[in-house]
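Working through the structure, step by step
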Amino acid sequence: MLSSASSLFMLRDLSFAHFNFPRWQSLLVITLIGVVSGLDSAVRAPPSGLVASEAGSPLWLAVLFATVLTWVSFLIILAVLRWWMRRGGRWDGQGDLFNLLAASWLVPDLLGAGLVALGVPSLLVLPLWLYSVWVGGNALSGAIPRAGLGYSIGGIALGILPVLLLYGLVGTAAALLGAVPPAGG
């Protein structure tokens, strides 16, 4: 998987045959991205309105939350891509789209999550996140010859829309829960 992921990061076209590695490797990659994302101090920050000395989320909860959110995001994007790539007969459903998507996320998303966890501002990491979409689009168009780069990037962007909606709902729920004063206070 590491060889395939590195090749994808360098924008090399690979066929689906390169993604015939064991599924546990993909499961590990997505989980690892979630764990690293949970190490970001912003995930553990206390809700707005509380002073920094008041307790935020414990580390284990932030890691668990980010891992679950990463998995839900991955599965949403995967479901949208399965539908999108089959439109117009571009993809016949053969090949491991799950492993392809996980391999395309490995280098750019793990690197991006790691940089943010180390304190690099998200705005500075934004070009890497955008490059991640390009890597995924290139991976899809390389494995699915009838799907061009633009079409593949469009599918990823379409998959990101419900993920952004989910993040907005989760953020709103967290803000509302943080706005409720603690019991007895």
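To keep things clear, this report deals only with the structure shown in the data block. None of the values given here were measured: they were computed from a predicted structure.

**Things to note about the pattern of salt bridges**
As a working rule, side chains carrying opposite charge can pair if their charged atoms are close by. Evaluated as defined, the whole model comprises one salt bridge. Here D96 and R23 are joined by a salt bridge, their closest N and O atoms 2.8 Å apart. Placement of the pair is D96 in the loop between α4 (59–86) and α5 (97–117) and R23 in helix α2 (residues 23–38), with a sequence separation of 73 residues. Here R23 falls in the partly exposed class, since its relative accessible area comes to 37%.

**Focus on helix α1 (residues 2–9)**
The complete set of buried residues in α1 reads S4, A5, S7 and L8. For α1, the arc enclosing every buried residue in end-on projection is 160°, short of the 170-degree limit, so these residues lie on one face. Opposite the packed face of α1, turned more than 90 degrees from it, sit the exposed residues L2 and S3. Just downstream of α1, L11 is the residue with a positive phi angle, here 65°.

**Remarks on the environment of V120**
Its place among the elements puts V120 in the loop between α5 and α6 (122–143). By relative accessible area, V120 is classed as partly exposed at 29%. Taking the C-alpha atoms as reference points, V120 and D40, separated by 80 residues in sequence, lie 9.8 Å from one another. Not counting chain neighbours up to four residues away, the residues in contact with V120 comprise L115 and V125.

**Some words on the environment of G95**
Tracing the sequence through the fold places G95 in the loop between α4 and α5. Considered as a pair, G95 and A17 are 78 residues apart in the sequence and their alpha carbons are 7.5 Å apart.

What counts, and where the lines are drawn
- Residues numbered from 1 in each chain as written.
- Predicted model: local features only at pLDDT ≥ 70, side-chain atom pairs only at ≥ 80, totals over all residues.
- Heavy atoms only, no water.
- Salt bridge = Lys/Arg side-chain N within 4 Å of Asp/Glu carboxyl O.
- Helix = DSSP H or I, 4+ residues; strand = E, 2+ residues; numbered from the N terminus.
- Buried < 20%, exposed > 50% of the residue type's maximum accessible area, 1.4 Å probe, protein only.
- Arc of directions from axis to C-beta.
- Contact = heavy atoms within 4.5 Å.

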